[in-house]
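# Analysis of the macromolecular model
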Protein chains: 2
Amino acid sequence: MRAEIITIGDEILIGQIVDSNSAYIGKSLSKIGVQVKYITSIGDDRTAILSALQLANSRVDLVLITGGLGPTKDDITKKTLAEFFQDTLVLSQKVLSHIEDLWKSFIKQPLLQVNKDQAMVLSKAEILTNQNGSAPGMWIEKDQTVFVSMPGVPYEMKSIVTTELLPRLIQRFQLPVIVNRTLLTQGMGESMIAERIVDWENRLDPSIKLAYLPNLGRVRLRLSSTHHDKQLVESKVQTAIDELLPLIEDIFVGFEDDRSIETIIGEMLVKNSQTLSLAESCTGGAIAERLTSFPGASRYFVGGLVSYATSIKEQVLGVEGQLIKDHGVVSEEVAIQMAHKAKILFKSDYAISTTGNAGPTTSEGRVSVGTVCMALATPTGVDSYSFQFGNSRERVINKAINKAFELLYNELLKNASKEV
Amino acid sequence: MRAEIITIGDEILIGQIVDSNSAYIGKSLSKIGVQVKYITSIGDDRTAILSALQLANSRVDLVLITGGLGPTKDDITKKTLAEFFQDTLVLSQKVLSHIEDLWKSFIKQPLLQVNKDQAMVLSKAEILTNQNGSAPGMWIEKDQTVFVSMPGVPYEMKSIVTTELLPRLIQRFQLPVIVNRTLLTQGMGESMIAERIVDWENRLDPSIKLAYLPNLGRVRLRLSSTHHDKQLVESKVQTAIDELLPLIEDIFVGFEDDRSIETIIGEMLVKNSQTLSLAESCTGGAIAERLTSFPGASRYFVGGLVSYATSIKEQVLGVEGQLIKDHGVVSEEVAIQMAHKAKILFKSDYAISTTGNAGPTTSEGRVSVGTVCMALATPTGVDSYSFQFGNSRERVINKAINKAFELLYNELLKNASKEV
């Protein structure tokens with residue numbers, strides 16, 4: 001089953017928002033065996049919408065449309081869909097009651113005519129309930145192609161996909177199994193890895209696709225394959241992985257299919273009943289933010305200090321003023337004290353510190369943009385490191401975050417292997 | 001001039017990465033007067049790439065292609081481009097020298113044949129130098145359509161867009177002016193705003209497009225217009241804004257065209273020589289991360305404590321244990337003490353605190369998922385607030401961040417108007 005995602009909205013084309021809906025839908029469909037072949041973004045423009053629908057109708061079996069269903073005048077998706085399907089809009093009492101309930105329970109503002117108009121739906125459509133908003137999803141078929149229209153608000157779209165769309169697709173179609181396995185590596189560039197595993201890659205079963213996904217010091221290797229026989233495809237991919245692992249054991253971090261590096265680290269700490277704290281300067285809270293964006297972080301992450309101003313490093317954390325004068329605030333010496341003091345302040349088993357210049361400018365006497373010093377305090381000591389992460393602020397911060405997780409992961413792994 | 005962006009990579013279709021390249025390119029082109037009409041994402045698949053190029057050739061004047069230029073086998077964009085343009089790949093000595101320099105200066109690993117192969121380029125193409133990587137950009141024309149191929153690594157693509165692509169487009173074509181102005185509002189839903197400004201919207205010059213962009217408690221209103229006469233289009237849009245502003249003055253936050261709310265708040269604080277600190281619990285460092293993602297945050301942001309564990313609130317921040325027992329850790333009482341103690345600990349003029357349950361689960365005796373208490377300490381006192389932000393962890397955290405900025409912005413605005 002081949003699918004196309006069509007996202008509608010001028011704000012996507014002019015780059016005012018990043019279209020994250022497509023990635024969510026792509027991932028959800030991929031898991032149930034639907035292959036997304038195209039993602040198309042177009043503006044709130046009648047002609048463009050009609051052409052995109054026509055093209056999708058001719059080349060895929062399933063079309064997922066998001067956006068342009070709001071109550072305001074710039075949202076023209078619904079009436080354009082009516083035109084495309086030669087259909088009319090009719091009032092759905094069920095949707096209207098749902099909207100009235102929403103307004104009574106949550107919105108607590110007057111229900112306007114434009115809000116009531118959200119209950120106008122295509123007469124031929126099956127309604128997909130939007131638990132989190134007023135614009136319903138609509139399922140409609142034409143020439144053997146299924147079209148599903150959903151609102152563009154991510155929170156609303158996600159609820160429709162999970163509770164309405166996926167169950168219907170699974171029930172309705174005989175879907176094949178798509179297996180995607182991703183191996184996370186660190187410490188080696190993609191071309192070096194490719195050279196190292198060239199013989200394995202040449203021998204790889206042609207039904208398995210290999211992709212290299214490099215990103216800020218890490219390379220992910222993704223193996224994917226599709227087949228109706230679940231057992232067959234899973235065992236083929238597993239065999240390929242079994243042959244690959246010995247070739248990359250020194251750079252292999254873990255499987256990333258369902259777990260991020262943050263989750264992997266968290267589980268290792270929880271298993272050991274150990275805790276982590278942070279003293280962040282140049283990363284400005286971004287490491288804490290990444291850790292706590294995953295549920296369950298409170299089981300191992302006790303807290304962190306964002307010591308952005310130098311005075312805070314001295315007064316709150318207790319780094320010696322003389323040390324900062326002697327070595328500069330961006331130095332391994334200061335990073336070591338930051339990690340050490342954080343470990344004591346937060347009474348944690350591990351502590352990570354960052355101090356650096358993320359840019360864009362270097363003030364007089366300061367280190368160059370991109371220089372980052374980090375330290376990792378462990379139950380037995382403190383190790384420090386210096387890095388040069390280039391001259392893009394966003395990139396420097398992201399590389400520092402990745403490096404922090406890498407350092408901690410390696411340390412935890414070392415200890416885990418000692419235990420064995 | 002009409003453009004299409006084509007992003008290539010299976011990882012986009014299966015949702016393994018979010019395609020942020022398109023937004024960056026869309027924004028960059030929009031600024032110089034090129035209208036992006038389509039964004040198309042396809043896999044690393046010869047047939048799909050050829051069809052997409054063919055379709056783009058028939059419907060736009062400019063095609064921007066990213067992805068699939070890496071050194072590994074899964075990257076097939078270059079050879080597929082050669083097929084499409086009926087061209088051959090030839091060695092560019094200039095690109096090869098650049099790659100050799102990069103490896104000598106930064107990579108410091110052996111230069112492999114696959115790395116050297118990056119210097120193979122389409123014979124008909126003009127080379128766009130990639131200062132940050134080994135895969136060059138290529139500019140090639142066919143039937144009056146300009147095609148530009150760039151690597152998919154955002155850092156490399158951005159450098160080519162800025163230093164090579166935009167200057168060439170500006171020099172080469174007579175581009176119209178596209179004016180986009182965005183007004184940020186808060187505290188009112190899009191349908192209420194629409195109802196309030198309906199007369200203004202009906203009178204709006206037809207050459208001006210209005211869009212409503214709702215997002216987590218804020219609505220952005222974007223006015224856009226395109227014309228060759230810069231003065232004319234700018235004055236038309238300005239007139240429309242002048243008429244709109246009196247209608248929304250109670251909910252208007254500021255213009256967002258070049259400045260985010262974080263930047264606006266930062267500038268207000270810097271102007272007053274005031275500082276800000278944070279005591280974050282449920283937001284886990286995310287407010288600090290947002291503030292410090294912008295250059296110049298160090299001029300007003302001194303630091304923050306991520307007091308994730310309850311013990312940290314007591315031991316590091318000094319919140320009274322009895323208060324937590326009496327009111328619960330998620331309470332306005334605790335939020336008030338957190339903000340108050342943070343203001344003292346960090347010696348700042350303002351302090352924001354958050355404590356809540358971002359979910360996904362509620363442990364026994366705890367408040368329901370989505371409940372967030374916040375406090376804002378100012379030079380003269382502390383105000384506290386309670387919110388219910390729903391049941392999606394990501395959404396709860398993001399709503400809390402937006403609310404924090406809204407509370408602080410309103411407070412700063414109140415003080416600014418007092419001064420006048």
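Computed from a prediction, not measured in an experiment: that's the story for all the values here.

### Here's the deal with the overall build of chain A
Secondary structure assignment for chain A yields 16 helices and 17 strands. Projected onto its principal axes, the C-alpha coordinates of chain A cover approximately 75 × 60 × 40 Å. Looking at chain A as a whole, 47% of its 420 residues qualify as buried. For chain A, restricting intrachain contacts to residue pairs at least 6 apart in sequence, the fraction spanning at least 24 positions comes to 66%.

### Thoughts on the domain arrangement of chain A
Interfaces are often described in size by the accessible area the parts lose on coming together. What the domain assignment lists for chain A is domain 1 (2–172), domain 2 (182–255) and domain 3 (261–419). A separation of 36 Å is found between the C-alpha centroids of domain 1 of chain A and domain 2 of chain A.

### Focus on the interface of chain B and chain A
Contacts between chain B and chain A engage 74 residues on the former and 74 residues on the latter. For the side of chain B that touches chain A, a count of residues per class yields 37 nonpolar, 23 polar and 14 charged. For strand β2 (residues 35–42) of chain A and strand β2 (residues 35–42) of chain B, the ladder comprises three bridges, and the chain directions are antiparallel. Paired with Thr40(A) across the strands is Thr40(B), a residue of β2(B).

### Here we look at the relation of the copies chain B and chain A
Note on the identical chains: chain B maps onto chain A by a rotation of 180 degrees and an axial translation of 0.0 Å, with an RMSD of 0.1 Å. Overall, the copies show the geometry of a two-fold rotation axis.

### Considerations on the nonpolar core
Looking at soluble globular proteins, one finds that nonpolar side chains tend to be buried together. Membership of the largest hydrophobic core comes to 129 residues, with the highest contact counts inside it found for Ala339(A), Ala342(A), Ala339(B) and Ala342(B). Setting aside residues no more than four positions away along its own chain, Ala342(B) makes contact with Ser277(B), Leu278(B), Ala279(B), Leu305(B), Leu317(B), Ala351(B) and Ser353(B). Counting residues in hydrophobic clusters, the runner-up holds 86 residues, among them Met150(A), Met157(A), Ile39(B) and Ala56(B).

### Remarks on helix α2 (residues 21–31) of chain A
All buried positions along α2(A) are accounted for by Asn21(A), Ser22(A), Ala23(A), Ile25(A), Gly26(A), Leu29(A) and Ser30(A). Contacts made by the buried residues of α2(A) are with β1 (2–8), β2, β3 (62–66), α7 (154–172) and β9 (177–186) of chain A together with α1 (10–13) of chain B.

### Observations regarding the pairing of strand β13 (residues 276–280) of chain B
For a regular strand, side-chain orientation follows a simple rule: the groups alternate between the two sheet faces. Residue and element names in this part refer to chain B. Within β13, five of the five residues are buried, which leaves it mostly tucked inside the rest of the structure. In β13, alternate side chains face the same way, and those of Leu276, Leu278 and Glu280 on one face and Ser277 and Ala279 on the other are all buried. Bridging between β13 and strand β14 (residues 301–307) involves five bridges; their strand directions are parallel. When the sheet's bridge partners are listed, Leu278 is paired in β14 with Gly304. Running through helix α12 (residues 286–292), the crossover from β13 to the neighbouring parallel element β14 is right-handed. Direction of pairing for β13 relative to strand β15 (residues 350–356): parallel, over a ladder of five bridges. Bridge pairing links Ser277 to Ala351 in β15.

### A few points about the environment of Leu55(A)
Tracing the sequence through the fold places Leu55(A) in helix α3 (residues 46–59). As a C-alpha pair, Leu55(A) and Asp199(A) span 144 residues in sequence and 41 Å in three-dimensional space.

### Concerning the environment of Gln337(A)
Position of Gln337(A) relative to the elements: it lies in helix α15 (residues 332–345). With 75 residues separating them along the chain, Gln337(A) and Glu262(A) place their C-alpha atoms 24 Å apart.

### Some words on the sheet that holds β9(A)
Residues and elements named next belong to chain A. Ordered by their spatial adjacency, four strands build an open sheet running β10-β11-β9-β12, and the pairing between neighbours is antiparallel. The open sheet has two edge strands, β10 (209–215) and β12 (252–255), and neither has a second partner. For this sheet, the mean inter-axis angle between neighbouring strands, taken without regard to orientation, is 20 degrees. Examined bridge by bridge, β9 and strand β11 (residues 218–227) share ten bridges and lie antiparallel to one another. Note on β11: the bridge partner recorded for Leu184 is Arg220. In the packing of helix α10 (residues 230–244) onto the sheet, the strands contacted are β9 and β11, and the crossing angle to β11 comes to about 150 degrees.

### Comments concerning unusual backbone geometry
The peptide bond linking Gly359(A) to Pro360(A) adopts the cis configuration, its omega dihedral lying at 15 degrees. For Pro360(A), the location among the structural elements is in the loop between β15 (350–356) and β16 (371–377). In the Ramachandran plot, Ser273(B) falls in the positive-phi region, its phi being about 50 degrees despite a non-glycine side chain. Considering the arrangement of structural elements, one finds Ser273(B) in the loop between α11 (261–271) and β13. Located in the positive-phi region is Lys347(B), a residue other than glycine, with phi close to 50 degrees. If you trace the backbone, Lys347(B) turns up in the loop between α15 (332–345) and β15.

### Details of the packing of helix α2 (residues 21–31) of chain B against helix α7 (residues 154–172) of chain B
All names here are of chain B. Relative orientation of the contacting elements α2 and α7 amounts to 15 degrees, with a least axis distance of 11 Å. On the basis of their axis angle, the class for α2 and α7 is roughly parallel. Here α2 runs over α7; the crossing is right-handed. Here α2 contributes Asn21, Tyr24, Ile25 and Ser28 to the contact with α7, which in turn contributes Pro154, Met157, Lys158, Val161 and Leu166. By residue class, the composition of the contact of α2 with α7 is six nonpolar, two polar and one charged.

### A word on the sheet that holds strand β11 (residues 218–227) of chain B
Residues and elements named next belong to chain B. In space, the four strands of this open sheet follow the order β10-β11-β9-β12, with antiparallel pairing throughout. At either margin of the open sheet sits one strand with a lone partner, and together these are β10 (209–215) and β12 (252–255). Within the sheet, the average angular offset between the axes of one strand and its neighbour, ignoring direction, is 20 degrees. The sheet contact formed by β10 and β11 spans seven bridges and is antiparallel. For Pro214, the partnering residue across the bridge sits in β11 and is Val219.

### Thoughts on the pairing of strand β8 (residues 145–150) of chain A
All names here are of chain A. Sheet analysis places β3 next to β8, joined by five bridges and oriented parallel. Across the sheet, the residue bridging to Leu62 is Val146, located in β8. Between strand β7 (residues 137–142) and β8, which pair antiparallel one after the other, the connecting turn spans two residues, and Asp143 there sits at a positive phi close to 45 degrees.

Thresholds applied
Within any chain, residue numbers begin from 1 and follow the written order of that chain's sequence. To label them, take the chains in the order written and letter them from A, then take the ligands in the order written and number them from 1. Residues qualify for local features only when their pLDDT is at least 70, as the model is predicted, and side-chain atom pairs are given and counted only at 80 or more; totals for whole chains, interfaces and linings, by contrast, use all residues. A helix here means a DSSP run of H or I that spans at least four residues, while a strand means a run of E at least two residues long, and both kinds are numbered starting from the N terminus. Three exposure classes are used. Buried residues have 20 or more other C-beta atoms within 10 Å of their own C-beta, exposed residues have 12 or fewer, and partly exposed residues fall in between, all C-beta atoms being placed from the backbone. Throughout, a residue-residue contact means that the two C-beta atoms, derived from backbone geometry, are no farther apart than 7 Å. Just so you know, the domain bounds were taken from an automatic or database domain assignment. Classification used: nonpolar for Ala, Val, Leu, Ile, Met, Phe, Trp, Tyr, Cys and Pro, charged for Asp, Glu, Lys and Arg, polar for all others including Gly. In this description, strands pair whenever DSSP reports at least two bridges between them. All copies are superposed by least squares; the fitting set is the C-alpha atoms of residues with a pLDDT of at least 70 in both. A set of buried residues drawn from Ala, Val, Leu, Ile, Met, Phe, Trp, Tyr and Cys, joined through C-beta atoms within 7 Å, is what defines a nonpolar core. Handedness of a crossover is defined as follows: orient the strands so they point away from the viewer, and if the path from the first strand over the helix to the second runs clockwise, the crossover is right-handed. Lines fitted to the C-alpha atoms define the axes, with helices restricted to the stretch that makes contact. Angles between their N-to-C directions range from 0 to 180 degrees. Oblique is the label for any angle not under 35 degrees, not over 145, and not in the 65 to 115 range, which are roughly parallel, roughly antiparallel and roughly perpendicular in turn. Each crossing is labelled by how the near helix is turned from the far one, with a counterclockwise turn of less than a right angle marking it left-handed and a clockwise turn marking it right-handed.

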